[in-house]
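Results of the structural survey
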Amino acid sequence: MRFCDNVNCEYPDEPLERILDYRIHDGAVICVGCAEAEAEEAELRDANADLAEADTVSRILWSR
């Protein structure tokens with residue numbers, strides 16, 4: 001029986017019994033809840049990176 005490999009899992013003691021209970025993420029077996037949280041965090045990081053890049057370009061253009 002597998003358990004979530006995420007250190008910050010909200011339910012670390014609940015076993016992953018069915019194939020639908022877990023996902024493989026960066027070589028670790030994590031539960032669906034942790035997989036969804038990782039996906040949301042990645043989307044926020046990408047959005048923030050895009051905003052930071054656009055802000056930098058705007059500052060360069062406006063400084064001329």
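Everything discussed here concerns the structure shown above.
Report on the accompanying structure. Please read all numbers here as calculations on a predicted model, not as lab measurements.

Turning next to the layout of surface pockets. Estimates place the volume of the largest pocket at around 310 Å³. Lining the largest pocket are 17 residues; nearest its centre among them are Cys9, Glu10, Cys31, Gly33 and Cys34. Element by element, the count of residues in the lining of the largest pocket is highest for helix 1 (residues 32-62), at 6 residues. Across the lining of the largest pocket, the residue classes tally to 9 nonpolar, 3 polar and 5 charged.

Another point: the environment of Asp5. On the secondary structure map, Asp5 appears in the segment before strand 1 (22-25). The sequence separation of Asp5 and Val29 amounts to 24 residues, and the corresponding C-alpha distance is 5.6 Å. Those residues in contact with Asp5, other than ones at most four positions away along the chain, are Ala28, Val29 and Ile30.

Here strand 1 runs beside strand 2 (residues 28-31); their pairing, made up of 4 bridges, is antiparallel. By the bridge assignment, His25 is partnered in strand 2 with Ala28. The hairpin formed by strand 1 and strand 2 contains 2 residues between the paired strands, and Asp26 there has a positive phi angle of roughly 50°.

With that settled, the discussion passes to the pattern of salt bridges. Any two side chains of opposite charge can pair, given that their charged atoms come close. Scanning all chains against the criterion turns up 3 salt bridges. Between Arg18 and Asp21 there is a salt bridge, and its shortest N-O distance comes to 2.9 Å. Among the residues examined, Arg18 registers a relative accessible area of 54% and is labelled exposed. A residue is classified by how much of its surface remains accessible, and Asp21, at 17% relative accessible area, is buried. Notably, a salt bridge pairs Arg45 with Glu41, separated by 3.0 Å at the nearest N-O pair.

Scanning all chains against the criterion turns up 0 disulfides. Between Cys31, a cysteine without a disulfide, and Cys34, which holds the nearest cysteine sulfur, the sulfur-to-sulfur distance is 3.6 Å. Exposure remark for Cys31: the relative accessible area of 13% places this residue in the buried category. Given the relative accessible area of 8%, Cys34 is considered buried.

How each quantity is defined
Residues numbered from 1 in each chain as written. Predicted model: local features only at pLDDT ≥ 70, side-chain atom pairs only at ≥ 80, totals over all residues. Heavy atoms only, no water. 1 Å grid on protein atoms, 1.4 Å probe; cavity = no way out; pocket = protein on both sides within 12 Å on 5 of 7 lines; lining within 4 Å. Points joined across faces, edges and corners; volume = space filled by probe spheres on them. Helix = DSSP H or I, 4+ residues; strand = E, 2+ residues; numbered from the N terminus. Nonpolar A, V, L, I, M, F, W, Y, C, P; charged D, E, K, R; others polar. Contact = heavy atoms within 4.5 Å. Pairing = 2+ DSSP bridges. Salt bridge = Lys/Arg side-chain N within 4 Å of Asp/Glu carboxyl O. Buried < 20%, exposed > 50% of the residue type's maximum accessible area, 1.4 Å probe, protein only. Disulfide = S-S within 2.5 Å.

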